[in-house]
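# Structural description and commentary
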Amino acid sequence: MKVDRIFVVLFVAVSTSSGGPLPPTDLLSNNLPSSHGAAVVGVDKPTFSWLPRHTERTGNQTAYQVVVYASTQKSQDLQTPVLDSGKVYSSYFRSVEVGRSFVYRSYAVYSWKVRWWDENDEVSEYSEQSVIEAAMTNQDQWSDSLWIAAPNSIQGAPYLRSPEFSISNSSNSTVKRARIYASGLGFFRLYVNGKRIGDDALVPGWTNYNKRALYVAYDVTNYLSIDMNVVGAILGLGWRDRDVFTPHDEVPPGDTMASVFRMKLVIATHEDPETYYAPLTSGSNWTAAPSPITSSSIYNGETYDARLEKTGWNEVGYKPDNTWKAVMPVPGPTNVMSLQLMPSIKQQTPNEPIDIQPLEDKSQVVDFGKNLAGYCRLTVKGEAGTVVTLKHAEVKMHPPYGPMNGSLYFANLRSAKATDTYILKGDAQGETYEPYFTYHGFRYVQVFGYPGTIQAQDLLQIPIHTNVSVVKTLDTSSLIVNDIQASVQNGHLSNLMSVVTDCPQRDERLGWMGDAGLSSDAMALGFDMHAFYTNMLRNIRDEQGEDGSIPDVVPFYRYGSRPADPSWSAAFPQIVFVLFKYYGDLAAVRENYEALKLYFKNLEFQVPATGLSHMKGSYGDWCMLKPPNPVPPSFTSAFSYIQNLEEFAEMAQAIGEASDAEVYANLAAKLRQDFHESFYNVTHYSIEEITSYVLPLFLGIPTPQTELWQQVQVNFMNYLDPSDGFLSPRAGIIGTKFLLLQLSSGLGRTDVALQLAEQIQVPSWGHMLYNPNEPATAVWELWDGDTEGPGMNSRNHHMFSSVAWWIRMELGGVQPTSSFNDVLQIYVARTPGLSYVNSAEYRVTSGRIAYSWQRQGGIQCRTVPENQSPSNPTLPKHADLKLDCGDKGGVINSIDFADFGLPLGGCSNFGHRSSCTSSNATVAVGNLCLGKEGCTVPSGVDFWGDPCYGQMKQLSIQVTCSEPDSITASVETSVGILSEIYLPFYGLEDVEVQESNAVIWPPRYLQRPPGIINTEYITHTNTLKVSFVSGTYSFLVEGGKSQSHCYSIPARTRETISCPEGTVFTRILFASFGTPQGSCEKYTRGECHAGSSMMQVGRYCMGSQQCTITTDSSMFGYFQCNSDLEIRLVVEAYCGRNWN
């Protein structure tokens, strides 16, 4: 008897030292490490976070103690702490608030440490100390620092220069540390004694300048001289350019100067207790002069005339010429100054060109291979006065925009010139330039006036973005899924510019709330967004009206309205919920709680007495693919309102506001009923579009497990998965976010969701990535962006990037069971379309999880897009299709399906061939692969021929290996995570599961291994759920292979299908109601197919010994089919033991 073996190994990194709790690590203050900068405490109180560790399998932290010391204390062991939480009984260790009444002293440095107790009341040693430093904790401390500006006679980006000064003070105490607190609006660069301070780009972050200005703290201790010193700055317009970033709010009286600057130098002495003094502040004794930056604009670019440089302008001893003028003290935009408590925008690793081509006009086009946000670093040598111009673009010209002649396409930038100009000073050693105060979204640069031929090192692409830490993406067996993830990550980073912008290239780049909210789940899982989102929420509260309304755009400049479309303002509660859900941040819930209550009060007023069907909205399901009847905005507005209410009720309960939680939960329930009554239309909701099915099903409307709920699901699957096998998810940005997740979690059809994600026809992510005209490296704004006009057609937009949320949650398989990660669910191999997921990293409330699994043997499927070849050189180049049974999977035993062209269906559900097909595909793949453990199949037309010239094509192959399925998996978790892993039994008989050589299934009257809490067989999914605490585990699942059983039922009949006595249906291998082709174990879909077939057969039969099927529309819904064809249902299934 052949034996299936499913190996699952789970690891947690622990110390080998003596047993018990280990000192906590990963200490954060205000969600930032102490290495973030000079100061991590502003006006707000700090929060504390840490990561408990343990040597043994263990459960939760049960208590903690945080101790804070002042920096002047000589020996902490002998001194009394300034703050001691005592033993606090709590499992929380993220964003913990300690000593709410404690007042941090401005400019002082503190250190803190923490220890924790486990479930046995054993306590760890204290952690290493982490440093926190207070900036200005009182707005009055800015009173001696004035906003200053260059006089109007100075054009461009001005130089500012302080008077020369000494740092000596009356007590003659030596300098212990020195900090400059500075804000230059829109952007600034700072210098001390000729040296640049910091490596930020485009600093400080964007705010509503009428309400708040951010300042940055710099450590300048090692830059100051004991003699004389000087501070210099350069100012750029940035987002203060009111010609394009027009504020919706009235500008304060006197705030007429766009570029303004404010700073304060504070020195701490070695005295005990330490004292502080400010030898320099911004004031009327500063001077200003023109700089070489004669113009700077975010949209239009920067012009730098190197001939105008003033050597030594920011150094001691400089002799100013007559271009220097006294600065003007100005009222400035605001007196509310807040420390920037998020990572700054910074440069990333430069990219070299992948291609440089000359054009007939003597310009040169440089291709960097990746469309991202940043600018170029130019190295050049030539005569003084030589003008080099760089024009940035996302794509090359191609039809329908113009001839494919190598030139660039600029029209989709609209009015943005995106042009940087450098004028040489004639340095014989060569000159290097990169912009100071602009950025572009670009892959290509057209260079005019370069003296000579550009070499690779002469022009580099410098990516910039808010410097959030990146969480490793999944590595899956699907090339298309991996490429989607890469494009999403690139697009997200390109739009993290201190706010979440919509795009980085055209005359927009605004903080559209709809984009930010829809991407928030994916961003929170893909990056450490904690500090970034905390800052963003403060920006939103600044923009909130007295009536609770929120605008479409935050900060509220240029475009948008107030109140926002409810699906756009939904970003406010959604981002609070994301911090709560993924980071366990109760402090964020409390901080935003009253503002959220006011927001929901405003939404209540927006619902008319006539009900949700008349609720207003501006955008609806934005960017649907040319719908004949767009989903009405009232539909999406109502959905967002109800979803946000339910999330807010959950958050209210978590912070102890039980009465509020009940009120908002009841309101949501009332509105759910109103939603159904307002929008239900016989077979679906609103108009028949994907979004109209997905959104109510995601909310559980109609009521789950009811006949109506089941019928809507059936109609949804038939609409999404028609007989021709081409899924058409032409949903907009709201419907798309929830489509794949609803298919996987709601309907159990992860296979269909993966099939949809791997499509390359319009609409799809694959079309964006692999089309021959402009293969994307970031997600587009429009599904058909390569043929749409320039008016609204960004090639780097993250609205459709919510797919990454589904990839991590469903394909990665790690999900919290509640919004506070009480239990973490780990799903193994949920779809036959994937054979492995490697390096899935998660950072959640309870710490970190790393997870991998691999499925070997059994059925193996792969789908790849057409590859670049000499006959089709414009396609992107990628790896050919690789098949592998794995070390334990034997050899490829049969070719179940193979097609190059436009294959229909997906893994285990392939259908009849389309008109674009390679008739010899099965034979060709067999020649390459049969009898081998693995093989590589070319995926270009030079191997296959071209079955449909001019169309995008795919290669899809399904094989069966000689050995049955086996799975290995690994998980690495942190203390405090209670996990459930779901181990699939597939078609196994006589299953035995071991953990560390101890049998845990079938149940025995034996003591479970330490850490194993429970085992439970889930009948309807044929999986074993194993519950366990954090620790190190190794699982083995083995058994014999079941035999498949096949059934055929004519249409319009009611029949019962059965498994042998004592067994139940354990896996539905294939089901098709329509005109299926083939015979048992070789079934494929025919020309007629009900997309609901697999779902309905599984729903009625899984876990049962027999089930009754009605083969008509009452069970499978309505679908298009030629009436002359013979309709029937065929089912292939495994039967196995009923463990319950």
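Just so you know, these numbers come straight off a predicted model, no measurement behind them.

## A few points about the overall build of the chain
- Assigned secondary structure in the chain consists of 18 helices and 60 strands.
- Computed over the C-alpha atoms, the radius of gyration of the chain is 32 Å, within 12% of the 32 Å expected from 2.2 N^0.38 for a compact globule of 1140 residues.
- With respect to the three principal axes, the spread of C-alpha positions in the chain is 95 × 75 × 65 Å.
- Across the 1140 residues in the chain, those meeting the buried criterion constitute 63%.
- Nonlocal contacts in the chain, meaning residues at least 24 apart in sequence, comprise 77% of its contacts between residues at least 6 apart.
- Carbon and sulfur atoms provide 48% of the accessible area of the chain, an area that totals close to 40500 Å².
- Across the chain, the centroid of the 83 positively charged side chains sits 3 Å from that of the 115 negatively charged ones.

## Observations concerning the confidence of the model for the chain
- In the predicted model, the chain carries a mean pLDDT of 91, and the fraction of residues at 70 or more is 95%.
- The low-confidence segment residues 1–17, where pLDDT is below 50, has 76 contacts with residues more than four positions distant or belonging to other chains.
- Confidence over residues 73–78 falls short of pLDDT 50; this stretch has 6 contacts with residues more than four positions distant or in other chains.

## Comments concerning helix α11 (residues 733–746)
- Here α11 is 14 residues long and its end C-alpha atoms lie 19 Å apart, about the 20 Å a rise of 1.5 Å per residue gives.
- Helix geometry: α11 is bent most strongly at L739, by close to 25°.
- Where α11 is concerned, the buried positions are I733, I734, G735, T736, K737, F738, L739, L740, L741, Q742, L743 and S744.

## Let's talk about the environment of H614
- Relative to the assigned elements, H614 resides in the loop between α6 (586–606) and α7 (633–654).
- In the structure, H614 is positioned 20 residues away from S634 in sequence and 6.0 Å away in space, judged by C-alpha atoms.
- If we skip the residues at most four places from it in the chain, H614 touches P608 and S634.
- Polar side-chain contacts of H614 include one of 3.3 Å to the side chain of T610.

## Observations regarding the environment of G833
- Within the secondary structure, G833 is located in the loop between β41 (823–827) and β42 (836–844).
- When its relative accessible area of 10% is taken as the criterion, G833 is described as buried.
- With 125 residues separating them along the chain, G833 and Q958 place their C-alpha atoms 9.1 Å apart.

## Thoughts on the pattern of salt bridges
- Counting across every chain of the model gives 40 salt bridges.
- Here R177 and E274 are joined by a salt bridge, their closest N and O atoms 2.4 Å apart. Separated by 97 residues along the polypeptide, R177 in strand β13 (residues 175–185) and E274 in the loop between β19 (260–269) and β20 (276–281) bring together distant segments of the chain.
- Across the pair D255 and R242 runs a salt bridge whose closest N-O atoms are separated by 2.7 Å. On the criterion of sequence distance, the pair formed by D255 in the loop between β18 (231–236) and β19 and R242 in the loop between β18 and β19 is long-range, its members being 13 residues apart.
- Connected through salt bridges with shared partners, the residues R414, R506, D507, E508, R558 and E781 form a single ionic network.

## Side note on the sheet that holds strand β46 (residues 892–901)
- What the 3 strands build is an open sheet, ordered β44-β48-β46; its pairing is antiparallel. The sheet is open, and its two edges are formed by β44 (859–865) and β46, each paired on a single side. On average, each strand axis in the sheet is tilted by 10° relative to the strand beside it, whichever way the strands run.
- Pairing of β44 with strand β48 (residues 954–961), which is carried by 7 bridges, proceeds in the antiparallel orientation. Bridging across to β48, P865 finds its partner in Q954.
- Relative to β44, helix α1 (residues 479–494) is tilted by about 50°, and along the sheet it contacts β44 and β48.
- Set on the sheet, helix α15 (residues 921–929) makes contact with β46 and β48; between it and β46 the angle comes to about 135°.

## Describing the nonpolar core
- Grouped together as the largest cluster of nonpolar side chains are 255 residues, with contacts concentrated most on L459, F572, F716, L743, W765, W806 and V993.
- Here F572 is in contact with M513, L537, I540, R541, Q544, I550, N592, A595, L596 and Y599, once residues within four sequence places are set aside.
- Counting residues in each nonpolar core, the second largest holds 30 residues, with I154, L160, A178 and L235 among its members.

## Some remarks on the sheet that holds strand β7 (residues 96–97)
- Strand order in the open sheet formed by 3 strands is β2-β3-β7, and the pairing between neighbours is antiparallel. Only two strands of the sheet have a single partner each, and these edge strands are β2 (21–29) and β7.

## Side note on the pairing of strand β21 (residues 287–290)
- Of the pairings in the sheet, the one linking strand β11 (residues 158–161) to β21 comprises 4 bridges and is antiparallel in character. Within β21, the position partnered with L160 by the bridge is A288.

## Description of the state of the cysteines
- Applying the stated criterion across every chain yields a total of 8 disulfides.
- Through a disulfide, C916 is tied to C948; the S-S separation comes to 1.8 Å. Here the disulfide of C916 and C948 is left-handed, its torsion about the S-S bond being about -50°. One end of the pair, C916, is in the loop between β46 and α15; the other, C948, is in the loop between α16 (941–944) and β48, with 32 residues separating them in the sequence. An identical accessibility class is assigned to C916 and C948; each is buried.
- What pairs with C1046 in a disulfide is C1080, and their sulfur atoms sit 1.8 Å apart. The disulfide joining C1046 to C1080 has a torsion of about 75° about its S-S bond and is therefore right-handed. One end of the pair, C1046, is in strand β56 (residues 1044–1050); the other, C1080, is in the loop between β58 (1063–1074) and α17 (1093–1101), with 34 residues separating them in the sequence.
- Given the relative accessible area of 35%, C1080 is considered partly exposed.
- For the unlinked cysteine C623, the closest cysteine sulfur is that of C503, found at 11 Å.
- Overall, C623 belongs to the buried group, its relative accessible area being 10%.

## A word on the packing of α1 against helix α14 (residues 803–811)
- Put simply, α1 and α14 touch, their axes get as near as 9 Å, and they point 130° apart. By the angle between their axes, α1 is oblique relative to α14. Handedness of the crossing formed by α1 with α14: left-handed. Contact with α1, carried on its side by V481, I484, Q485 and V488, involves V803, A804, I807 and L811 of α14 and no other residues of that element.
- Looking at side-chain class alone, the contact of α1 with α14 contains 7 nonpolar, 1 polar and no charged residues.

## With respect to the packing of aromatic side chains
- Under the definition given, this model contains 67 aromatic pairs.
- Clustering of aromatic rings is evident, with ring pairs tying together F187, W206, Y209, W239, F245, Y299 and Y557.
- Looking at K391, its charged tip hangs above the ring of F410, at a distance of 4.6 Å from the centre.
- The lysine or arginine in question, K737, covers the ring of W805, its NZ or CZ lying 4.8 Å from the ring centre.

## Let's talk about the environment of S85
- When you line up the elements, S85 lands in the loop between β5 (83–84) and β6 (88–89).
- On a C-alpha basis, the gap between S85 and T246 in space is 48 Å, while along the polypeptide they are 161 residues apart.
- The contact partners of S85, leaving out residues within four places of it in the chain, are Y64, Q65, V66 and V98.
- A distance of 2.8 Å separates a polar atom in the side chain of S85 from the backbone nitrogen of V66.

## What about unusual backbone geometry?
- Cis geometry marks the peptide bond from L185 to G186, where omega comes out at -10°.
- Within the fold, G186 resides in the loop between β13 and β14 (187–192).
- P204 follows V203 through a cis peptide bond whose omega is 5°.
- As for its placement among the helices and strands, P204 is situated in the loop between β15 (195–197) and β16 (213–219).
- Its identity as a non-glycine residue notwithstanding, D121 has a phi of 60°, on the positive side.
- Residue classification places D121 among the partly exposed residues on the basis of a relative accessible area of 46%.
- Unusually for a residue other than glycine, L202 sits at a positive phi of about 50°.
- The residue L202 is located in the loop between β15 and β16 in this model.
- Among the residues examined, L202 registers a relative accessible area of 5% and is labelled buried.

Cut-offs applied
Residues numbered from 1 in each chain as written. Predicted model: local features only at pLDDT ≥ 70, side-chain atom pairs only at ≥ 80, totals over all residues. Heavy atoms only, no water. Helix = DSSP H or I, 4+ residues; strand = E, 2+ residues; numbered from the N terminus. Rg over C-alpha atoms; globule rule 2.2 N^0.38 Å. Buried < 20%, exposed > 50% of the residue type's maximum accessible area, 1.4 Å probe, protein only. Contact = heavy atoms within 4.5 Å. Areas by Shrake-Rupley, 256 points an atom, 1.4 Å probe, with all protein chains shown as cover. Lys, Arg positive; Asp, Glu negative; His and termini not counted. Charge placed at Lys NZ, Arg CZ, Asp CG, Glu CD. pLDDT = per-residue confidence, 0-100. Expected span 1.5 Å × (residues − 1). Bend = angle between axes of the 7 residues up to and from the residue. Polar contact = N/O pair within 3.5 Å; in protein donor to acceptor, adjacent residues only side chain to side chain. Salt bridge = Lys/Arg side-chain N within 4 Å of Asp/Glu carboxyl O. Pairing = 2+ DSSP bridges. Axes fitted to C-alpha atoms, helices over the stretch in contact; angles between N-to-C directions. Core = buried A, V, L, I, M, F, W, Y, C linked by side-chain atoms within 4.5 Å. Disulfide = S-S within 2.5 Å. Parallel < 35°, antiparallel > 145°, perpendicular 65-115°, else oblique. Left-handed = near helix turned anticlockwise from the far one by under 90°. Nonpolar A, V, L, I, M, F, W, Y, C, P; charged D, E, K, R; others polar. Phe/Tyr/Trp six-rings, centres within 6.5 Å; stacked < 30°, edge-to-face > 60°. Lys NZ or Arg CZ within 6 Å of the ring centre and 35° of its normal.

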